[in-house]
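Inside the fold
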Amino acid sequence: MPRFSLPLVAALAAVAAACSGDTAAAPERTVPPLQVVEPGALALDSRGGLLVADRKLNRVVRIDLRTGRRRLVATRLRDIVALAFDDMGRLYVGADDRILRLDGARRTVIAGTGRRGRTGDGGPATAATLGGLGGFELDHDETVTISEYDNGIRFVDETGTIATIAGTGEEGYAGDGGPARAALLRHPHDLALRIDREVIVADSHNCVLRRIAPDGRISTFADGFASPIAVKGGPGNTLYVADGGAGAIVRLSPDGRTRTVVGRANGPINLAVDQTGVYVSEIAGARRLLRIAGGRTRVLVR
């Protein structure tokens, strides 16, 4: 017996109904939502959308937070680790040890060659190698601050020149009170920008947050974490931290001294924050996408 595809079967059924004189309206087909298999990096746009990187399917999906509708934004992106928007609403993607800017179908390399390394300081960021790209953030002048898993923080200035602003590349925990460039980090995963280019680094394997002051000196901003994987700025200069080792989402006061657990997740790895709540992707367990607000957790993707 021949086998037909589902669209063809539906079309044949419609023809059969018409030929038999059955004029009842054919039932509408329900289109399943665009699949997100492994939620990863997150970013909120200015139009009420949440962008989600699917690291399994190598693509970025936009979820309309009002309607729940999903649409495909970008494909063919390997190992997506971070997403961000500039002030013009353009999407930047960290993937395959490069940072790309997406202008419709056009992709512009901002930093990285696609090879892993820590070379290129003092030259064009597009010719530099990145040492295990982690998180990055854009400032209003489109400068880029980058965390590298290989124990460094880099900065791309207005001219596109890259330089190290923290970390020697050697693994360790040292340097507080001195110049950040001479400090030791241990596998930083993410960072957050605050006022006057203050940088808060998730120094993940040291289980602390480090602060790089505008004058270039480094200090420990907050400690006592199991494994701070992601950090994002929130309303009122607060900070949100995904503590992967503790399975907790923590809100810190602006000075870092007061902390509140706002929710739980199975291996939280990425965050996005707006005025109403925090969005969390998981790397362990169910690999879900969560929204935490007002002490309640809602699953957006499972």
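Summarised in this report is the structure supplied together with it. (Residues numbered from 1 in each chain as written. Predicted model: local features only at pLDDT ≥ 70, side-chain atom pairs only at ≥ 80, totals over all residues. Heavy atoms only, no water.)

This part is about the overall build of the protein. Scanning the protein from terminus to terminus reveals one helix and 24 strands. Across the 302 residues in the protein, those meeting the buried criterion constitute 48%. For the protein, the proportion of contacts with a sequence separation of at least 24, taken over those separated by at least 6, is 37%. (Helix = DSSP H or I, 4+ residues; strand = E, 2+ residues; numbered from the N terminus. Buried < 20%, exposed > 50% of the residue type's maximum accessible area, 1.4 Å probe, protein only. Contact = heavy atoms within 4.5 Å.)

The next thing to look at is the pattern of salt bridges. Under the defined criterion, the tally for this structure stands at 22 salt bridges. A salt bridge links R197 to D139; its shortest N-O distance comes to 3.1 Å. Of this pair, R197 sits in the loop between β13 (190-193) and β14 (199-203) while D139 sits in the loop between β9 (133-138) and β10 (144-148), and the two are 58 residues apart along the sequence. The class of R197 is partly exposed, set by a relative accessible area of 34%. Each of D45, R47, R62 and D64 takes part in a single network of salt bridges with overlapping partners. (Salt bridge = Lys/Arg side-chain N within 4 Å of Asp/Glu carboxyl O.)

What links the strands of a sheet is backbone hydrogen bonding, and the strands pair in either a parallel or an antiparallel sense. Spatial ordering of the open sheet is given by β5-β6-β7-β8, a layout of four strands whose pairing is antiparallel. With one partner strand each, in any of the chains shown, β5 (80-85) and β8 (106-111) form the two edges of the open sheet. Between one strand axis and the next, the sheet turns through 25° on average, direction left out of account. Sheet topology places strand β6 (residues 91-95) next to strand β7 (residues 98-103); five bridges connect them, and they run antiparallel. Its bridge partner being in β7, L91 is matched across the sheet by L102. (Pairing = 2+ DSSP bridges. Axes fitted to C-alpha atoms, helices over the stretch in contact; angles between N-to-C directions.)

The next point concerns the sheet that holds strand β4 (residues 70-74). Spatially, four strands are ordered β1-β2-β3-β4 in an open sheet, and the strand pairing comes out antiparallel. Edge strands, defined here as strands with exactly one partner in the open sheet, are β1 (39-44) and β4. Recorded for the sheet is a direction-independent mean angle of 30° between the axes of neighbouring strands. Where strand β2 (residues 49-54) lies against strand β3 (residues 59-64), six bridges are found, and the strand directions are antiparallel. Paired with A53 across the strands is V60, a residue of β3.

Turning next to the pairing of β14. Extensive coverage of β14 is indicated by the burial of five of its five residues. Both faces of β14 are covered, namely the face carrying V199, V201 and D203 and the face carrying I200 and A202. One ladder, built from four bridges, connects β13 with β14; its direction is antiparallel. Looking at the pairing, D190 lines up with A202 of β14.

Attention shifts here to the pairing of strand β22 (residues 278-282). Of all five residues in β22, five are buried, a share of seventy percent or more. In this structure, the hairpin formed by strand β21 (residues 268-273) and β22 is closed by a connection of four residues. Two strands pair when backbone bridges link them, and β22 and strand β23 (residues 289-293) are joined in this way by four bridges, in the antiparallel orientation. Residue pairing across strands places V278 opposite I292, the latter belonging to β23. Where β22 folds back onto β23 in an antiparallel hairpin, the turn is made up of six residues, including G285, whose phi is positive at roughly 65°.

On to the side chain of D203, then. Position of D203 among the secondary structure elements: in strand β14. Under the relative-accessibility criterion, D203 is labelled buried at 0%. Within the local environment of D203, its side chain forms a polar contact with the backbone nitrogen of R186, the two atoms lying 2.9 Å apart. Residues contacting D203, with those up to four places away along its chain left out, are L185, R186, H187, P188, V208, R210 and P228. (Polar contact = N/O pair within 3.5 Å; in protein donor to acceptor, adjacent residues only side chain to side chain.)

Here we come to the environment of I249. Along the chain, the position of I249 falls in strand β19 (residues 248-252). Considered as a pair, I249 and L271 are 22 residues apart in the sequence and their alpha carbons are 9.1 Å apart. Setting aside residues no more than four positions away along its own chain, I249 makes contact with Y240, V241, A242, T260, V261, V262, G263, P268, L271, V278, V280 and I292.

None of this, on its own, says anything about what the molecule does.
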